[in-house]
Amino acid sequence: KPDLAGRISIALGAAKSPPVVHAIDIVDLTIRQGEVMGLVGESGCGKSTLGRIAAGILPPSSGSVLWQGQDRAEMSTGQRFAADLKAQMIFQNPMAALNPRMNVEALVAEAPRIHGMIKGSRADYVDNYLRQAGFDPSMKGRLPHQFSGGQRARVNIARALAVQPEFLVCDESVAALDVSIQAQILNLFMDLREQLSLTYLFVSHDLGVVEHISDRVAIMYLGRIVEEAPVAEVFARPNHPYTQQLLAEVPRIQKGKRRFSAVKGELPSPLDPPKGCHFHPRCPFAHDRCRIEVPARQEIAPGHVSACHLNDAAAA
Ligand code: SF4
Ligand code: MG
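- You'll find the chain entered in an unreviewed UniProt entry as Putative D,D-dipeptide transport ATP-binding protein DdpF, with Paracoccus haematequi given as the organism.
- Taken directly from UniProt, the Subcellular location (unreviewed entry) text for the chain runs: "Cell inner membrane".

Structure, rendered in C-alpha coordinates:
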(Lines give C-alpha, C1' and ligand atoms only; values in the text may rest on other atoms or scores of the structure.)
(Ligands and ions follow the chains in the order given, each with its own letter.)
Protein backbone atom coordinates (compact mmCIF):
# COMPACT_ATOMS: atom_id res chain seq x y z
CA LYS A 1 0.00 0.00 0.00
CA PRO A 2 2.00 2.98 -1.21
CA ASP A 3 1.48 5.94 1.04
CA LEU A 4 3.50 8.83 -0.30
CA ALA A 5 3.10 10.97 2.78
CA GLY A 6 4.44 8.19 4.96
CA ARG A 7 7.29 7.15 2.76
CA ILE A 8 10.94 7.33 3.49
CA SER A 9 12.56 7.40 0.09
CA ILE A 10 16.22 7.32 -0.58
CA ALA A 11 17.12 8.20 -4.13
CA LEU A 12 20.78 8.87 -4.77
CA GLY A 13 22.58 9.82 -7.90
CA ALA A 14 26.02 8.77 -9.03
CA ALA A 15 28.81 9.59 -6.60
CA LYS A 16 32.14 9.70 -8.30
CA SER A 17 34.42 12.31 -6.82
CA PRO A 18 37.67 10.81 -5.54
CA PRO A 19 39.57 11.28 -3.30
CA VAL A 20 36.40 11.12 -1.18
CA VAL A 21 35.61 7.43 -1.00
CA HIS A 22 31.98 6.69 -1.73
CA ALA A 23 30.85 3.14 -2.12
CA ILE A 24 27.47 4.26 -3.42
CA ASP A 25 26.89 4.44 -7.15
CA ILE A 26 23.25 4.52 -8.23
CA VAL A 27 20.63 3.71 -5.67
CA ASP A 28 16.90 4.19 -5.79
CA LEU A 29 15.39 2.63 -2.74
CA THR A 30 12.05 3.36 -1.17
CA ILE A 31 11.40 2.20 2.35
CA ARG A 32 7.71 2.23 3.23
CA GLN A 33 6.55 3.28 6.63
CA GLY A 34 6.20 0.35 9.01
CA GLU A 35 8.19 -2.17 6.98
CA VAL A 36 11.48 -3.92 7.59
CA MET A 37 13.75 -3.56 4.58
CA GLY A 38 16.67 -5.98 4.61
CA LEU A 39 19.82 -4.79 2.85
CA VAL A 40 22.32 -7.47 1.89
CA GLY A 41 25.48 -7.92 -0.12
CA GLU A 42 29.14 -8.75 0.31
CA SER A 43 31.20 -6.59 2.62
CA GLY A 44 32.57 -3.59 0.76
CA CYS A 45 29.51 -3.29 -1.49
CA GLY A 46 28.33 -0.05 0.12
CA LYS A 47 25.67 -1.31 2.53
CA SER A 48 27.00 0.62 5.51
CA THR A 49 27.39 3.79 3.46
CA LEU A 50 23.81 3.53 2.26
CA GLY A 51 22.70 2.87 5.85
CA ARG A 52 24.45 6.04 7.03
CA ILE A 53 22.95 8.10 4.24
CA ALA A 54 19.51 6.71 5.05
CA ALA A 55 19.99 7.64 8.71
CA GLY A 56 21.06 11.18 7.77
CA ILE A 57 24.54 10.75 9.25
CA LEU A 58 26.22 11.03 5.85
CA PRO A 59 25.01 13.34 3.09
CA PRO A 60 24.78 11.91 -0.42
CA SER A 61 27.40 13.43 -2.74
CA SER A 62 24.65 13.90 -5.30
CA GLY A 63 21.04 12.92 -5.72
CA SER A 64 18.55 13.31 -2.94
CA VAL A 65 17.29 11.70 0.21
CA LEU A 66 13.59 12.07 0.80
CA TRP A 67 12.29 11.80 4.30
CA GLN A 68 8.53 11.29 4.39
CA GLY A 69 8.25 12.78 0.93
CA GLN A 70 10.46 15.77 1.64
CA ASP A 71 13.93 16.32 0.24
CA ARG A 72 16.41 16.61 3.10
CA ALA A 73 18.40 19.20 1.17
CA GLU A 74 15.35 21.47 1.01
CA MET A 75 14.49 21.24 4.69
CA SER A 76 14.92 24.12 7.10
CA THR A 77 17.50 23.58 9.83
CA GLY A 78 14.69 22.87 12.28
CA GLN A 79 13.08 20.31 9.99
CA ARG A 80 16.37 18.55 9.38
CA PHE A 81 17.04 18.54 13.10
CA ALA A 82 13.70 16.82 13.68
CA ALA A 83 14.29 14.35 10.83
CA ASP A 84 17.72 13.51 12.28
CA LEU A 85 16.14 12.54 15.58
CA LYS A 86 13.42 10.47 13.89
CA ALA A 87 16.07 8.38 12.11
CA GLN A 88 18.47 6.58 14.43
CA MET A 89 21.31 4.21 13.72
CA ILE A 90 22.21 1.14 15.78
CA PHE A 91 25.76 0.06 15.12
CA GLN A 92 27.48 -3.29 15.14
CA ASN A 93 29.68 -2.92 18.17
CA PRO A 94 27.80 -1.70 21.24
CA MET A 95 31.02 -1.34 23.24
CA ALA A 96 32.52 1.09 20.72
CA ALA A 97 29.28 3.08 20.63
CA LEU A 98 29.13 3.53 24.40
CA ASN A 99 31.36 5.93 26.33
CA PRO A 100 33.01 3.62 28.93
CA ARG A 101 33.04 6.35 31.60
CA MET A 102 29.32 7.05 31.51
CA ASN A 103 26.88 4.92 33.43
CA VAL A 104 23.80 3.49 31.76
CA GLU A 105 21.49 6.24 33.00
CA ALA A 106 23.77 8.98 31.66
CA LEU A 107 24.21 7.14 28.37
CA VAL A 108 20.47 6.81 27.78
CA ALA A 109 19.76 10.39 28.92
CA GLU A 110 22.54 11.99 26.87
CA ALA A 111 20.80 12.71 23.55
CA PRO A 112 17.28 13.45 24.88
CA ARG A 113 18.82 15.86 27.41
CA ILE A 114 20.71 17.74 24.70
CA HIS A 115 17.51 17.96 22.65
CA GLY A 116 15.41 19.13 25.58
CA MET A 117 13.14 16.11 25.46
CA ILE A 118 13.21 15.31 29.19
CA LYS A 119 10.43 17.34 30.82
CA GLY A 120 10.06 15.55 34.19
CA SER A 121 12.49 13.38 36.12
CA ARG A 122 15.53 12.10 34.25
CA ALA A 123 15.42 8.76 36.09
CA ASP A 124 11.78 8.13 35.12
CA TYR A 125 12.50 9.08 31.53
CA VAL A 126 15.47 6.71 31.34
CA ASP A 127 13.68 3.84 33.14
CA ASN A 128 10.88 3.89 30.58
CA TYR A 129 13.26 3.38 27.64
CA LEU A 130 15.41 0.83 29.47
CA ARG A 131 12.26 -1.20 30.15
CA GLN A 132 11.23 -0.95 26.51
CA ALA A 133 14.64 -2.36 25.57
CA GLY A 134 14.29 -5.19 28.10
CA PHE A 135 16.98 -3.85 30.43
CA ASP A 136 16.48 -3.87 34.21
CA PRO A 137 16.46 -0.17 35.25
CA SER A 138 17.78 -1.01 38.73
CA MET A 139 21.20 -1.58 37.11
CA LYS A 140 21.35 1.82 35.42
CA GLY A 141 24.07 3.11 37.78
CA ARG A 142 26.64 0.69 36.37
CA LEU A 143 29.17 1.18 33.57
CA PRO A 144 28.98 -0.50 30.14
CA HIS A 145 31.89 -2.88 30.75
CA GLN A 146 29.99 -4.44 33.66
CA PHE A 147 27.47 -5.96 31.27
CA SER A 148 27.39 -8.79 28.74
CA GLY A 149 27.29 -8.12 24.99
CA GLY A 150 23.54 -8.73 24.93
CA GLN A 151 22.88 -6.29 27.78
CA ARG A 152 25.07 -3.67 26.12
CA ALA A 153 23.09 -4.14 22.91
CA ARG A 154 19.93 -3.39 24.94
CA VAL A 155 21.50 -0.22 26.36
CA ASN A 156 22.38 0.83 22.84
CA ILE A 157 18.79 0.21 21.73
CA ALA A 158 17.44 2.14 24.74
CA ARG A 159 19.69 5.05 23.75
CA ALA A 160 18.16 5.08 20.28
CA LEU A 161 14.59 4.71 21.59
CA ALA A 162 15.09 7.57 24.06
CA VAL A 163 14.92 10.15 21.25
CA GLN A 164 11.59 8.65 20.08
CA PRO A 165 12.63 7.57 16.58
CA GLU A 166 10.35 6.38 13.77
CA PHE A 167 13.05 4.80 11.65
CA LEU A 168 15.92 2.58 12.83
CA VAL A 169 18.90 1.71 10.67
CA CYS A 170 20.49 -1.43 12.10
CA ASP A 171 23.96 -2.06 10.69
CA GLU A 172 24.98 -5.61 11.57
CA SER A 173 23.42 -4.90 14.94
CA VAL A 174 23.39 -8.50 16.10
CA ALA A 175 26.46 -9.79 14.23
CA ALA A 176 28.78 -9.76 17.25
CA LEU A 177 26.35 -11.60 19.56
CA ASP A 178 25.96 -15.31 20.38
CA VAL A 179 23.24 -17.04 18.39
CA SER A 180 20.84 -17.36 21.34
CA ILE A 181 21.29 -13.69 22.25
CA GLN A 182 20.88 -12.73 18.59
CA ALA A 183 17.45 -14.34 18.59
CA GLN A 184 16.45 -12.39 21.71
CA ILE A 185 17.55 -9.07 20.24
CA LEU A 186 15.84 -9.81 16.91
CA ASN A 187 12.63 -10.60 18.78
CA LEU A 188 13.02 -7.35 20.67
CA PHE A 189 13.30 -5.47 17.35
CA MET A 190 10.11 -7.17 16.17
CA ASP A 191 8.23 -6.37 19.40
CA LEU A 192 9.36 -2.74 19.26
CA ARG A 193 8.19 -2.51 15.70
CA GLU A 194 4.67 -3.50 16.81
CA GLN A 195 4.61 -1.35 19.93
CA LEU A 196 6.14 1.79 18.44
CA SER A 197 5.20 1.43 14.74
CA LEU A 198 8.86 1.53 13.78
CA THR A 199 10.31 1.24 10.29
CA TYR A 200 13.65 -0.52 9.83
CA LEU A 201 16.49 -0.70 7.38
CA PHE A 202 18.26 -3.86 8.44
CA VAL A 203 21.79 -4.22 7.08
CA SER A 204 23.16 -7.72 7.46
CA HIS A 205 25.37 -10.30 5.82
CA ASP A 206 23.51 -13.11 7.61
CA LEU A 207 20.89 -14.77 5.45
CA GLY A 208 19.02 -16.33 8.35
CA VAL A 209 18.69 -12.98 10.11
CA VAL A 210 17.48 -11.22 6.97
CA GLU A 211 14.98 -13.95 6.13
CA HIS A 212 13.63 -13.88 9.69
CA ILE A 213 13.19 -10.16 10.10
CA SER A 214 12.55 -8.56 6.68
CA ASP A 215 9.39 -7.81 4.71
CA ARG A 216 11.36 -6.85 1.65
CA VAL A 217 14.99 -7.32 0.70
CA ALA A 218 17.33 -5.20 -1.39
CA ILE A 219 20.46 -6.85 -2.81
CA MET A 220 23.41 -4.53 -3.23
CA TYR A 221 26.41 -5.02 -5.47
CA LEU A 222 29.22 -2.48 -5.79
CA GLY A 223 27.14 0.52 -4.87
CA ARG A 224 24.00 -0.43 -6.80
CA ILE A 225 20.79 -2.15 -5.80
CA VAL A 226 20.62 -4.99 -8.32
CA GLU A 227 17.44 -6.63 -7.06
CA GLU A 228 14.61 -5.80 -4.71
CA ALA A 229 11.62 -7.95 -3.80
CA PRO A 230 9.38 -9.19 -0.99
CA VAL A 231 11.45 -11.53 1.16
CA ALA A 232 9.69 -14.78 0.21
CA GLU A 233 9.87 -13.88 -3.48
CA VAL A 234 13.58 -13.16 -3.46
CA PHE A 235 14.38 -16.43 -1.73
CA ALA A 236 12.03 -18.49 -3.91
CA ARG A 237 12.70 -16.79 -7.24
CA PRO A 238 15.98 -14.85 -7.22
CA ASN A 239 16.29 -13.18 -10.64
CA HIS A 240 19.65 -11.43 -10.79
CA PRO A 241 22.65 -13.73 -11.39
CA TYR A 242 24.40 -12.11 -8.43
CA THR A 243 21.48 -12.81 -6.12
CA GLN A 244 21.27 -16.36 -7.42
CA GLN A 245 24.92 -16.96 -6.53
CA LEU A 246 24.62 -15.20 -3.20
CA LEU A 247 21.57 -17.22 -2.17
CA ALA A 248 22.79 -20.56 -3.53
CA GLU A 249 22.07 -23.06 -0.80
CA VAL A 250 25.06 -23.61 1.46
CA PRO A 251 25.41 -26.41 3.99
CA ARG A 252 23.96 -25.48 7.36
CA ILE A 253 26.83 -25.93 9.73
CA GLN A 254 24.76 -24.79 12.65
CA LYS A 255 21.02 -25.24 12.97
CA GLY A 256 19.18 -22.06 12.07
CA LYS A 257 22.31 -20.45 10.64
CA ARG A 258 22.62 -19.80 6.95
CA ARG A 259 25.45 -17.81 5.50
CA PHE A 260 25.65 -16.39 2.04
CA SER A 261 27.29 -18.52 -0.53
CA ALA A 262 30.75 -17.43 -1.58
CA VAL A 263 30.38 -15.72 -4.94
CA LYS A 264 33.14 -16.74 -7.35
CA GLY A 265 35.85 -14.21 -8.11
CA GLU A 266 36.99 -11.17 -6.21
CA LEU A 267 34.90 -8.09 -5.49
CA PRO A 268 36.40 -5.37 -7.72
CA SER A 269 37.39 -2.03 -6.18
CA PRO A 270 34.36 0.17 -5.54
CA LEU A 271 36.53 3.15 -6.57
CA ASP A 272 37.00 1.81 -10.07
CA PRO A 273 34.05 -0.49 -10.71
CA PRO A 274 33.71 -2.38 -13.99
CA LYS A 275 31.81 -0.48 -16.69
CA GLY A 276 28.33 -1.46 -17.81
CA CYS A 277 26.93 -4.02 -15.41
CA HIS A 278 29.30 -3.96 -12.42
CA PHE A 279 28.83 -7.71 -12.05
CA HIS A 280 30.00 -8.67 -15.56
CA PRO A 281 33.53 -9.93 -14.68
CA ARG A 282 32.01 -12.48 -12.28
CA CYS A 283 28.80 -13.28 -14.14
CA PRO A 284 28.49 -16.60 -15.98
CA PHE A 285 25.91 -15.04 -18.34
CA ALA A 286 27.87 -11.90 -19.23
CA HIS A 287 27.72 -10.87 -22.89
CA ASP A 288 28.98 -7.87 -24.91
CA ARG A 289 26.16 -5.55 -23.92
CA CYS A 290 26.87 -6.15 -20.21
CA ARG A 291 30.37 -4.71 -20.60
CA ILE A 292 29.04 -1.44 -22.04
CA GLU A 293 25.52 -0.69 -20.89
CA VAL A 294 24.24 -0.31 -17.35
CA PRO A 295 21.20 -2.58 -17.01
CA ALA A 296 18.00 -0.71 -16.15
CA ARG A 297 15.81 -1.64 -13.22
CA GLN A 298 12.77 -3.52 -14.42
CA GLU A 299 9.74 -4.72 -12.53
CA ILE A 300 9.62 -8.40 -13.47
CA ALA A 301 6.74 -9.29 -11.13
CA PRO A 302 4.65 -7.14 -8.79
CA GLY A 303 7.07 -5.54 -6.33
CA HIS A 304 9.99 -7.53 -7.75
CA VAL A 305 12.63 -5.33 -9.40
CA SER A 306 15.84 -6.55 -11.00
CA ALA A 307 18.56 -4.91 -13.10
CA CYS A 308 19.89 -7.44 -15.60
CA HIS A 309 19.98 -7.40 -19.42
CA LEU A 310 18.78 -11.01 -19.48
CA ASN A 311 15.31 -9.76 -18.57
CA ASP A 312 15.11 -7.90 -21.91
CA ALA A 313 15.77 -11.11 -23.76
CA ALA A 314 13.14 -12.86 -21.65
CA ALA A 315 10.58 -10.13 -22.39
CA ALA A 316 11.34 -9.98 -26.15
FE1 SF4 B 1 25.21 -10.86 -15.84
FE2 SF4 B 1 24.84 -9.18 -17.87
FE3 SF4 B 1 22.87 -9.63 -16.15
FE4 SF4 B 1 25.01 -8.22 -15.43
S5 SF4 B 1 23.51 -7.64 -16.97
S6 SF4 B 1 24.04 -9.80 -14.25
S7 SF4 B 1 26.63 -9.30 -16.52
S8 SF4 B 1 23.80 -11.12 -17.55
MG1 MG C 1 29.74 -2.66 6.02
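## Some remarks on the environment of G149
Alright, step 1. Considering the arrangement of structural elements, one finds G149 in helix α6 (residues 149–161).
Alright, step 2. Taking the C-alpha atoms as reference points, G149 and A97, 52 residues apart in sequence, are found 12 Å from one another.

## Considerations on the site of ligand 1
Alright, step 1. As a matter of local geometry, ligand 1 sits amid 13 residues, with C277, H280, C283, C290 and C308 nearest to it.
Alright, step 2. Taken together, the residues of the shell around ligand 1 sort by class into 10 nonpolar, three polar and no charged.

## Focus on the confidence of the model for the chain
Alright, step 1. Residues with a pLDDT of 70 or more make up 85% of the chain, whose mean pLDDT is 83.
Alright, step 2. In the model of the chain, strand β1 (residues 8–12) stands out as the element of lowest mean pLDDT, 46, in contrast to helix α5 (residues 122–132), which has the highest, 97.
Alright, step 3. When the criterion is pLDDT under 50, residues 1–8 qualifies, and its contacts beyond four places in sequence or with other chains add up to 17 contacts.
Alright, step 4. Here residues 11–23 is a poorly scored stretch, pLDDT under 50, and it has 31 contacts once near neighbours within four places are set aside; other chains count.
Alright, step 5. Here the prediction assigns the complex a pTM of 0.86, and the interface score ipTM is 0.94.

Calculation criteria
- Residues numbered from 1 in each chain as written.
- Chains lettered and ligands numbered in written order.
- Predicted model: local features only at pLDDT ≥ 70, side-chain atom pairs only at ≥ 80, totals over all residues.
- UniProt positions renumbered as here; feature names shortened; annotations may be inferred.
- Helix = DSSP H or I, 4+ residues; strand = E, 2+ residues; numbered from the N terminus.
- Near = placed C-beta within 6 Å.
- Nonpolar A, V, L, I, M, F, W, Y, C, P; charged D, E, K, R; others polar.
- pLDDT = per-residue confidence, 0-100.
- Contact = placed C-beta atoms within 7 Å.

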